[in-house]
Amino acid sequence: MDKIKIDTKMISYPMPCSLLGTKVGGKVNFLTVAYFSMVSFKQPYIMAALAKSHFTTPGIKETGAFSINIPDTSMAEATDYCGMVSGRKFDKSKVFEVFYGEESGTPMIVECPYNLECKLVQTVDLPADELFIGEIVAAYTDNRYLTNGVPDMAKIDPFILSMPEMTYVKLGSPVGRAWEMGKSRIKKI
Ligand SMILES: Cc1cc2nc3c(=O)[nH]c(=O)nc-3n(C[C@H](O)[C@H](O)[C@H](O)COP(=O)(O)O)c2cc1C
């Protein structure tokens, strides 16, 4: 085995980029979040980790709701901007056209191909961050992003953050079908 140990702070797994929206003191705000993930399948739950110091963080607890908006590659510059400036000093409510979730009133981004409206169900207190777990109460897209009625990632055109190079990267080519490729190995058993 040729494994070597590396710095645990250099964990650099590629992460999809999102714009998280909520209201803070009644004001719409968006910040860039790469630390987000689905956490439950049967119950559509999603989690996002936010630094306690961010302007947005208390807004999620205040309103009990947030949105996860998936930008496409044409929105990379605006996404980067929202991850560099704070709503404390800059008004990020006008960066995008905003619409509001029917279930929670949380703000979402019209320009993003894919929007998830979430109601806060649990907060986990971490040393520097807070982990927000939300139930996805509604998902929004546009017909032009669907193929046979389901979201088509080739049309949505999301991008990931690759940390070692601090670079945004487009989705690549398919490797194979999930829950299909492994079957050949099962057959050999
Ligand atoms: C690509 C990218 C990804 C980011 N991901 C996260 C994240 O997952 N969690 C987090 O707390 N901050 C993350 N940030 C930092 C915040 O988006 C940034 O500090 C932002 O300005 C905070 O805004 P606010 O003070 O208006 O809440 C990220 C920034 C960038 C550029």
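Our subject in this report is the structure included herewith. None of the values given here were measured: they were computed from a predicted structure.

A few words now on the site of the ligand. Near the ligand, the surroundings consist of 22 residues, among which Thr32, Thr56, Val85, Ser86 and Gly87 are the closest. Note that an oxygen atom of the ligand is positioned 2.9 Å from one of the backbone N or O atoms of Ala51. At 2.8 Å from an oxygen atom of the ligand is found a main-chain nitrogen or oxygen belonging to Val85. Here the ligand has 650 Å² of accessible area as a free molecule, and 84% of this is covered by the chains. Of all elements in the fold, only strand 3 (27-33), strand 5 (45-51) and helix 2 (76-82) reach the threshold of two or more residues within the shell around the ligand. For the shell around the ligand, the element with the highest residue contribution is strand 3, accounting for four residues.

Hydrogen bonds along the backbone pair up the strands of a sheet, which may run parallel or antiparallel. In spatial order, the strands read 3-2-6-9-10-5-4; together these seven strands make up an open sheet with antiparallel pairing. With partners counted over all chains shown, the strands left at the sheet margins are strand 3 and strand 4 (36-40), one partner each. Adjacent strand axes in the sheet meet at a mean angle of 35°, parallel and antiparallel pairs treated alike.

So, on to the environment of Ala51. Looking at the secondary structure, you find Ala51 in strand 5. Classification of Ala51 as buried rests on a relative accessible area of 19%. Placed 79 residues apart in sequence, Ala51 and Glu130 show a C-alpha to C-alpha distance of 6.3 Å. With residues up to four places along the chain from it excluded, the contact list for Ala51 reads Thr57, Ala128 and Asp129.

Moving on, we come to the nonpolar core. Within the largest apolar cluster, 17 residues are counted, with the highest numbers of intra-cluster contacts made by Leu20, Ile46, Leu50, Phe66 and Ile68. Contributions of two or more residues to this core are made by strand 3, strand 5, strand 6 (65-70), strand 9 (114-125) and strand 10 (129-140). With residues near it in sequence (within four places) discarded, Leu50 still touches Leu20, Leu31, Val33, Thr56, Thr57, Ile60, Asp129, Glu130 and Phe132. Membership of the second largest hydrophobic core comes to nine residues, among which are Val28, Phe30, Phe96 and Ile109.

Time to look at the pairing of strand 13 (residues 159-162). As defined by bridge partners, strand 1 (residues 15-16) adjoins strand 13 across two bridges and the pair is classed as antiparallel. Pairing of Pro16 across the sheet is with Ile160, part of strand 13. The pairing of strand 13 with strand 14 (residues 167-170) spans four bridges and is antiparallel. Of the residues in strand 14, the one forming a bridge with Leu161 is Tyr168. Hairpin remark: strand 13 followed by strand 14, antiparallel, with four residues in the connecting loop; positive phi at Met166, about 45°.

On to the state of the cysteines. Counting across every chain of the model gives zero disulfides. Among the cysteines around Cys17, which has no disulfide bond, Cys112 carries the closest sulfur, lying 11 Å off. Cysteine Cys82 remains unbridged, with the sulfur of Cys112 as its closest cysteine sulfur at 9.3 Å.

It is worth spelling out unusual backbone geometry at this point. Located in the positive-phi region is Asn148, a residue other than glycine, with phi close to 50°. Residue position: Asn148 is located in the loop between strand 11 (146-147) and strand 12 (150-151). Classification of Asn148 by relative accessible area gives exposed; the value is 79%. A positive phi angle is found at Met166, which is not glycine, with a value near 45°. Inspection of the secondary structure assignment puts Met166 in the loop between strand 13 and strand 14. With a relative accessible area of 67%, Met166 lands in the exposed category.

Scoring rules and cut-offs
- Residues numbered from 1 in each chain as written.
- Predicted model: local features only at pLDDT ≥ 70, side-chain atom pairs only at ≥ 80, totals over all residues.
- Heavy atoms only, no water.
- Near = heavy atom within 4 Å.
- Polar contact = N/O pair within 3.5 Å; in protein donor to acceptor, adjacent residues only side chain to side chain.
- Areas by Shrake-Rupley, 256 points an atom, 1.4 Å probe, with all protein chains shown as cover.
- Helix = DSSP H or I, 4+ residues; strand = E, 2+ residues; numbered from the N terminus.
- Pairing = 2+ DSSP bridges.
- Axes fitted to C-alpha atoms, helices over the stretch in contact; angles between N-to-C directions.
- Buried < 20%, exposed > 50% of the residue type's maximum accessible area, 1.4 Å probe, protein only.
- Contact = heavy atoms within 4.5 Å.
- Core = buried A, V, L, I, M, F, W, Y, C linked by side-chain atoms within 4.5 Å.
- Disulfide = S-S within 2.5 Å.

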